[in-house]
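Below, each chain spelled out in residue letters.
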Amino acid sequence: MKKLLLTTALVVAVTTLTKAQRQEVILGDNWQFSRDKQAWQQVSVPHDWAIAGPFDKKWDLQVVAIEQNGEKVASEKSGRSGALPWIGEGHYKRTLTIPAGYEHADLVFDGAMAEPTVSINGQQAGYWAYGYNTFRIDITPFVKVGDNLLEVDLKNVEESSRWYPGAGIYRPVTLVLTPKTHIDDWSLVARTLGTNKGKTTVEVEGKVIGAEKEMVAKVQLTDPDGKTTDSEAVRIEQDGSFYTVFKLQDAKMWSPETPYLYHVTAMVMSKASPAVIDQKTIRTGIRTIHISKEKGFQLNGQTRKLKGVCLHHDLGPLGAAVNKAALIRQVKILKEMGCDAIRTAHNMPSQMQMDVCDSLGMMVMAESFDMWIYKKCKNGYARFFREWADRDITNLVLAHRNHPSIVMWSIGNEIPEQGSEEGRQISIRLQGLCHALDPTRPVTQGLDRAESALGSGMAQVMDVPGFNYRVHKYEKNIEQLPQGFLLGSETASTVSSRGVYYFPVKPSNFATHPDAQCSSYDVEWCSWSNLPDDDWVWQDDKSWVIGEFVWTGFDYLGEPTPYDGYWPSRSSYFGICDLAGLPKDRYYLYRSKWNTSEHTIHLLPHWTWGKERRGQVTPVYCYTDYPEAELFVNGKSQGRIHKNPQERLDRYRLRWNEVKFEAGELRVVVYDAQGQPAAEKTIQTAGKPHHLQLDAWTQQPSTLHADGEDLAFVTVSLVDKKGNLIPNAADQLQFEVSGAGKFEAACNGDATSIETFTEPTMRLFSGQLVVVVRAGKEPGQLTLKVTDRQRGLKQAISIPVK
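In this report, we go over the structure that sits alongside the text. (Residues numbered from 1 in each chain as written. Predicted model: local features only at pLDDT ≥ 70, side-chain atom pairs only at ≥ 80, totals over all residues. Heavy atoms only, no water.)

## Some details on the overall build of the protein
Argument step 1. When you go through the protein residue by residue, the secondary structure sums to 9 helices and 50 strands.
Argument step 2. Judged by the C-alpha coordinates and their principal axes, the protein covers about 90 × 60 × 55 Å.
Argument step 3. Put simply, the protein has 802 residues, and 61% of those count as buried.
Argument step 4. On the protein, roughly 29800 Å² of surface is accessible, and the fraction owed to carbon and sulfur atoms is 49%.
Argument step 5. In the protein, which carries 90 positive and 96 negative side-chain charges, the distance between the mean positions of the two groups comes to 1 Å. (Helix = DSSP H or I, 4+ residues; strand = E, 2+ residues; numbered from the N terminus. Buried < 20%, exposed > 50% of the residue type's maximum accessible area, 1.4 Å probe, protein only. Areas by Shrake-Rupley, 256 points an atom, 1.4 Å probe, with all protein chains shown as cover. Lys, Arg positive; Asp, Glu negative; His and termini not counted. Charge placed at Lys NZ, Arg CZ, Asp CG, Glu CD.)

What follows is the structure in structure tokens.
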């Protein structure tokens, strides 16, 4: 199989196709886009037409009561869906060149927002209602040899989302060209049946379209080291199906720690000739999943608790347009924290995201819907559920079931029908459909009304009963669950703003502040939720709690709780990392609990305060995996303390609540379980701003790929002469990119900023921001220059593009 990236040389690329040769062509470049079919501009796909803004409260301004927040009276919600111009129509077109000799052609859309109608040469070839789902269209009847006109029309309606959905063809589109006789791509599946005495059984099945009597199939299994095992010739049944089994000695098992991947290649050939008529290769992993009352969640026979986060699909300043480098950055940041699982909340994931999770080792709960029949927002998926739900679940499972990273399916989030018999019946039906298509994975859903879901029997029928928040109800829940275990399918919803602190420090439910930020002391939560510490008590003390998925790993556009009605707040505060991907203090709290391979020592708050705080009580927290520590301010001990399991905020944190601020040095010495000094950490009061510090993240060390897709994320910090961050800096910066790439976006993580991501200027927030640059398609050197005109500072960084 050849996989080609479509460029301006499409005609050359596809004319090499012969009658018996499959090609998969990514339709990336040479698209034309218009909002009105009058003015057109050239774009590349994936594309999000709304992310360039401008931010404005008029976009999708909603006057509603958010039931999930416990609201009873409707009020204005100005930033609920991101305050970006995603509503309305969008239109895409391009030339699709088909060579002579083709016999079958499919278009595969990984996602288009929303309600995409696909036309070929003026004829409607297909339609899909759900903007989050993968769908494919057989375009064979509509195309001709040579040039064809491909058009995609999209429609986004107001009040159709509770968060920023994005707009446009925001995931890849692939043209698949095959012979008339070909393997159905979504039929080819590899399943791990189990391991016994070091021997693992893997079954492979598929289906051939247009198979003839004298044809057979052959399957190859290639391990991570390149060693290939061939099957014998496999009979193709009358319905086109084929099946074979491999017995592997000492198979390399996939896990977050060892993400080994195998390749499965299926071939169709004639009995009389060795020539291959069609072949398809998939990538998969060998691993087993089992969940039980006795042993909890097991991966490859080993019990472990899920240390997961929920993620919305937007990529901050990139919007919904999916990008591999951005996804890799997200997953690597989470893995460094000790996270081992992601919940794709609350929608189907992209193939690209699942590929990244496969290769880097990140387990996934693949979710489907945020609503069924009952509306959570006026024009949401409830419009389509009765007609489309089964088709959407079918596509989700068929398109993604070879990803070893996916360990369970989710059929819904906080479904209002959870207290009804109708809801129980729908749960049984959708779960049964998942089982029929994929008998290897359990099915769950996130339930937020425990009494209702248990009273209707909806929780009891799920493979994995998932409960969102309200940990104080866990004990009563488990008494009514025949499964004998439960999952924290959504936890915490703690809110914070990076580098922002308020005094006095006090744990608060739904606290708000005049500047529309939240405390980074990590002591503020929402009316329905709690703090991380509360979840961990249940995770640690109850074997029947099998893990959690924290809301959320990263901030996202929309849902600016607790400031849903405050303008210009337009993005969330829930993230462990901010919208730019910069870790908040809370990141290190989770790291101290979840990362068991490396130690964590993190001090907060920063120690650069003005005269107004001199002598004032400024509590100091240390997030560490060590049990004990002593704090010093300018060499003076503030006390040696030990974690205290009896106190809510002292079981997992070390806190000195009576420290008074003095400019200078804050130092902590940590002690191991034997009471011996183990390490120390120091932070200092920053001096005057001296220079800009630029630190680049790339998926390959210090290099970008010359593919037009690769991104570098450059963290810009204003620091003093010694490199200490100026934590309150809000300077306006300008960006200029030259050489082998271009400026893509900037983001400072401030949920109240209405500066446009795509303009080459932005102010610092808490002393930092991130600039995103995109590689070109030609090798060379990409240079980013950052200027602070206010202080007369300039700094540049160069990145090779190869």
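## So, the sheet that holds strand E36 (residues 601-604)
Argument step 1. Judged by pairing direction, the sheet is antiparallel, and its 3 strands sit side by side in the order E36-E37-E40 without closing on themselves. What marks the edges here is a single partner per strand, and that holds for E36 and strand E40 (654-656). Neighbour-to-neighbour, the strand axes of the sheet open up by a mean angle of 15 degrees, direction not taken into account.
Argument step 2. Helix-sheet contacts for helix H9 (residues 585-594) involve E36 and strand E37 (620-624), and the interaxial angle to E37 is about 40 degrees. (Pairing = 2+ DSSP bridges. Axes fitted to C-alpha atoms, helices over the stretch in contact; angles between N-to-C directions. Contact = heavy atoms within 4.5 Å.)

## Focus on the sheet that holds strand E9 (residues 117-120)
Argument step 1. One open sheet holds the 6 strands; their spatial order is E4-E3-E7-E12-E9-E10, and the pairing between them is antiparallel. Whereas interior strands pair on both sides, the edge strands pair on one side only; in this sheet they are strand E4 (41-43) and strand E10 (123-127). The mean angle between the axes of side-by-side strands here comes to 30 degrees, regardless of whether they run parallel or antiparallel.
Argument step 2. Pairing analysis gives 11 bridges linking strand E7 (residues 88-98) to strand E12 (residues 146-156), with the strands arranged antiparallel. Looking at E12, one finds that Gly90 is bridged to Leu154.

## Topic: the environment of Arg283
Argument step 1. Structurally, Arg283 is set in strand E22 (residues 276-284).
Argument step 2. Taking the relative accessible area as the measure of exposure, Arg283 reaches 31% and is therefore partly exposed.
Argument step 3. Between the C-alpha atom of Arg283 and that of Leu221, which follows or precedes it by 62 residues, the distance is 9.9 Å.
Argument step 4. The contact partners of Arg283, leaving out residues within four places of it in the chain, are Leu261, Tyr262, His263, Asp355, Asp358, Ser359 and Asn402.

## Observations concerning the side chain of Glu628
Argument step 1. Its place among the elements puts Glu628 in strand E38 (residues 628-633).
Argument step 2. Side chain to side chain, Glu628 and Arg640 meet in a polar contact 2.7 Å long.
Argument step 3. Once residues lying within four places of it in the same chain are set aside, the contact partners of Glu628 are Arg640, Ile641, His642, Leu654, Val669, Val670, Tyr671 and Gly675. (Polar contact = N/O pair within 3.5 Å; in protein donor to acceptor, adjacent residues only side chain to side chain.)

## A few points about the pairing of E36
Argument step 1. Neither face of E36 is open: one carries Ile601 and Leu603, the other His602 and Leu604, and all of them are buried.
Argument step 2. Judged from the 4 bridges that link them, E36 and E37 form a sheet pairing that is antiparallel. Paired with Ile601 across the two strands is Thr624, which belongs to E37.

## Focus: the state of the cysteines
Linking two cysteines covalently through their sulfur atoms gives a disulfide.
Argument step 1. Across all of its chains, the model carries 0 disulfides by this definition.
Argument step 2. Here Cys526 is not cross-linked by a disulfide; its sulfur's nearest cysteine counterpart is in Cys518, at 7.8 Å.
Argument step 3. Free of any disulfide, Cys747 has its nearest neighbouring cysteine sulfur in Cys577, separated by 12 Å. (Disulfide = S-S within 2.5 Å.)

## What about the nonpolar core?
Across soluble globular proteins, nonpolar side chains have a tendency to be buried as a group.
Argument step 1. Of all hydrophobic cores here, the largest spans 217 residues; its most connected members are Trp31, Leu107, Ile139, Leu175, Val309, Phe369 and Phe735.
Argument step 2. Ignoring sequence-local partners within four residues, the contact set of Leu107 consists of Leu27, Val118, Ile120, Phe135, Arg136, Ile137, Ile139, Leu150, Val173, Thr174 and Leu175.
Argument step 3. Val202, Tyr262, Ile277 and Ile286 belong to the second-largest nonpolar core, a separate cluster that totals 24 residues. (Core = buried A, V, L, I, M, F, W, Y, C linked by side-chain atoms within 4.5 Å.)

## A closer look at the environment of Ile797
Argument step 1. Tracing the chain through its elements places Ile797 in strand E50 (residues 793-801).
Argument step 2. Exposure remark for Ile797: the relative accessible area of 18% places this residue in the buried category.
Argument step 3. With 104 residues separating them along the chain, Ile797 and Gln693 place their C-alpha atoms 9.6 Å apart.
Argument step 4. Not counting the four nearest positions on each side in its chain, Ile797 is found in contact with Leu694, Ala696, Val714, Leu782, Thr783 and Leu784.

## Here's the deal with the pairing of E10
Looking along a regular strand, one sees the side chains alternate between the two faces of the sheet.
Argument step 1. When E9 meets E10, the two strands line up antiparallel, connected through 4 bridges. Residue pairing in the sheet places Ser119 in a bridge with Gln124 of E10.
Argument step 2. Between E9 and E10, which pair antiparallel and follow one another directly, the connecting turn spans 2 residues, one of which, Asn121, has a positive phi of 50 degrees.

## Some thoughts on the packing of aromatic side chains
Argument step 1. Tallied over the full model, the rule gives 37 aromatic pairs.
Argument step 2. Pairing Phe369 with Tyr381 gives two aromatic rings, centres 4.8 Å apart and planes at 15 degrees, and the pair type is stacked. Of this pair, Phe369 sits in the loop between strand E28 (363-367) and helix H4 (385-400) while Tyr381 sits in the loop between E28 and H4, and the two are 12 residues apart along the sequence. With respect to class, Phe369 is no different from Tyr381; both count as buried.
Argument step 3. For the pair Trp372 and Phe385, a centre-to-centre distance of 5.8 Å together with 25 degrees between the ring planes defines the contact as stacked. In this pair, Trp372 sits in the loop between E28 and H4 while Phe385 sits in helix H4, placing the two residues 13 residues apart along the sequence. Both residues of the pair, Trp372 and Phe385, belong to the buried class.
Argument step 4. Here Arg136 stacks its cationic end above the ring of Trp186, 4.2 Å away from the centre of that ring. (Phe/Tyr/Trp six-rings, centres within 6.5 Å; stacked < 30°, edge-to-face > 60°. Lys NZ or Arg CZ within 6 Å of the ring centre and 35° of its normal.)

## Digging into helix H3 (residues 351-360)
Argument step 1. Gln353, Met354, Val356, Cys357 and Asp358 are the residues of H3 that are buried.
Argument step 2. Residue Gly361 follows H3 closely and has a positive phi angle near 90 degrees.

Nothing here speaks to function; it is geometry throughout.
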